Amino acid sequence: DAKTTQPNSMESNEEEPVHLPCNHSTISGTDYIHWYRQLPSQGPEYVIHGLTSNVNNRMASLAIAEDRKSSTLILHRATLRDAAVYYCILRDGDYQLIWGAGTKLIIKP
Amino acid sequence: DSGVTQTPKHLITATGQRVTLRCSPRSGDLSVYWYQQSLDQGLQFLIQYYNGEERAKGNILERFSAQQFPDLHSELNLSSLELGDSALYFCASSTTALPNEKLFFGSGTQLSVL
C-alpha cells in the first residue's frame, strides 16, 4: 500500500521550473522522504531525499512542509532529458521503500 | 552506469518453469533489494538482504525465493512460473540498510512467461 499520493502526470515547458507535489499525510517521525525518477526502459535513479529540512543537490531541490505531510520536488530548469516518471517514496522502519504509481513528467520543447 | 549489474537482461520461458535472476551489487555495498515492476506500474518491493542475511520481506510469493552469497551477489529464484509473473525485475544496492541511504538500481531483467 503506497503511503504517498502524486498526480498521475504533469506537463512543463523546457527551461522552466517544475514543481512536483507529493502528499504523505501518514508519515511517521522517522520516515525519510525519497525521490527517484525512472526514464523509459531504465532502472530508477536517485534524485534527492530529506527528513525535515529542505535539501538541495545538483539535480533538484526538495521542499518539505513544516508538518511533513507533503513535499515538493523542484527541478529548477527542466530539460527534455528530465522527462521521466518521478516517484515520491517513504523509507519506513523496515527499511523498505514503498512505491506508488509516480508522476509522469512531460517536457514540451 | 549505476554499478549494479543484473543478468540476464531478457528471459523468455514457459509457464511452470523455474528461472534464476542474478544481481551483482556496487562494490562495497552490503545491502541488496529486489523489486518487481509490472507493465506501467510502480515498483513492488519483494525482499531485502543485508550482508548475507534476510533483512526485510515484502509481497514476495512463496514460489519466489532469494539469497545473498558471501561475495554479496544475490539471486532471485522464481519457480512454477505463471503468465502473471511476466514483469521487469530490478535489483538495487546500498552501502548499509539505513533509511537515509540512497539506492542504486540495475537496468533490470525483463521476464516474459509464455
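Let me begin by describing the structure that accompanies this report. Being a predicted model, the structure only gives us computed values, none of them experimental. (Residues numbered from 1 in each chain as written. Chains lettered and ligands numbered in written order. Predicted model: local features only at pLDDT ≥ 70, side-chain atom pairs only at ≥ 80, totals over all residues. Heavy atoms only, no water.)

## What to know about the sheet that holds strand E2 (residues 18-23) of chain A
Residues and elements named next belong to chain A.
Thinking step 1. On the basis of which strands lie adjacent, the open sheet formed by 4 strands has the order E2-E7-E6-E5 and antiparallel pairing. The open sheet is flanked by E2 and strand E5 (55-56), the only strands paired with a single partner.
Thinking step 2. Relative to strand E7 (residues 70-75), strand E6 (residues 61-64) runs antiparallel, the two sharing 4 bridges. Looking at E7, one finds that Ser61 is bridged to Ile74. (Pairing = 2+ DSSP bridges. Helix = DSSP H or I, 4+ residues; strand = E, 2+ residues; numbered from the N terminus.)

## Observations regarding the nonpolar core
Thinking step 1. If you look at the biggest cluster of nonpolar residues, it comprises 21 residues, and the most contacted ones within it are Val19(B), Leu21(B), Trp34(B), Leu76(B), Leu78(B), Tyr89(B) and Leu111(B).
Thinking step 2. Counting only elements with at least two residues in this core, the list comes to strand E3 (19-24), strand E4 (31-37), strand E5 (44-50), strand E7 (64-68), strand E8 (74-78), strand E9 (87-94) and strand E11 (109-113) of chain B.
Thinking step 3. Excluding its chain neighbours within four sequence positions, the residues that come into contact with Leu21(B) are Thr7(B), Leu11(B), Trp34(B), Ser74(B), Glu75(B), Leu76(B), Leu78(B), Tyr89(B) and Thr109(B).
Thinking step 4. Grouped together as the second largest cluster of nonpolar side chains are 20 residues, Val18(A), Leu20(A), Cys22(A) and Leu90(A) included. (Core = buried A, V, L, I, M, F, W, Y, C linked by side-chain atoms within 4.5 Å. Buried < 20%, exposed > 50% of the residue type's maximum accessible area, 1.4 Å probe, protein only. Contact = heavy atoms within 4.5 Å.)

## Focus: the interface of chain A and chain B
Many structure descriptions define interface size as the accessible area lost when the parts assemble.
Thinking step 1. On the chain B side, the residues contacting the 17 residues of chain A number 22 residues.
Thinking step 2. Carbon and sulfur atoms supply 57% of the area buried between chain A and chain B, which totals about 1600 Å² over both sides.
Thinking step 3. For the pair chain A and chain B, the number of links is 0 salt bridges.
Thinking step 4. Every element with two or more residues in the side of chain A that touches chain B is listed here: strand E3 (32-38), strand E4 (45-50) and strand E8 (84-91) of chain A.
Thinking step 5. Broken down by element, the side of chain A that touches chain B gets its largest block of residues, 4 residues, from E3(A).
Thinking step 6. Across the side of chain A that touches chain B, the residue classes break down as 8 nonpolar, 7 polar and 2 charged. (Buried area = accessible area lost by both parts, 1.4 Å probe. Salt bridge = Lys/Arg side-chain N within 4 Å of Asp/Glu carboxyl O. Nonpolar A, V, L, I, M, F, W, Y, C, P; charged D, E, K, R; others polar.)

## Re the state of the cysteines
Thinking step 1. Evaluated as defined, the whole model comprises 2 disulfides over all chains.
Thinking step 2. Across the disulfide from Cys22(A) sits Cys88(A); the S-S distance is 2.1 Å. Taking the torsion about the sulfur-sulfur bond, which here is approximately -80 degrees, the covalent link between Cys22(A) and Cys88(A) counts as left-handed. Remark: Cys88(A) occurs in strand E8 and Cys22(A) occurs in strand E2; sequence separation between them is 66 residues.
Thinking step 3. Through a disulfide, Cys23(B) is tied to Cys91(B); the S-S separation comes to 1.7 Å. Judged by the sign of its S-S torsion, about -50 degrees, the bond between Cys23(B) and Cys91(B) is left-handed. Here Cys23(B) is found in strand E3, whereas its partner Cys91(B) is found in strand E9, with 68 residues between them in sequence. Side by side, Cys23(B) and Cys91(B) carry an identical accessibility label, which is buried. (Disulfide = S-S within 2.5 Å.)

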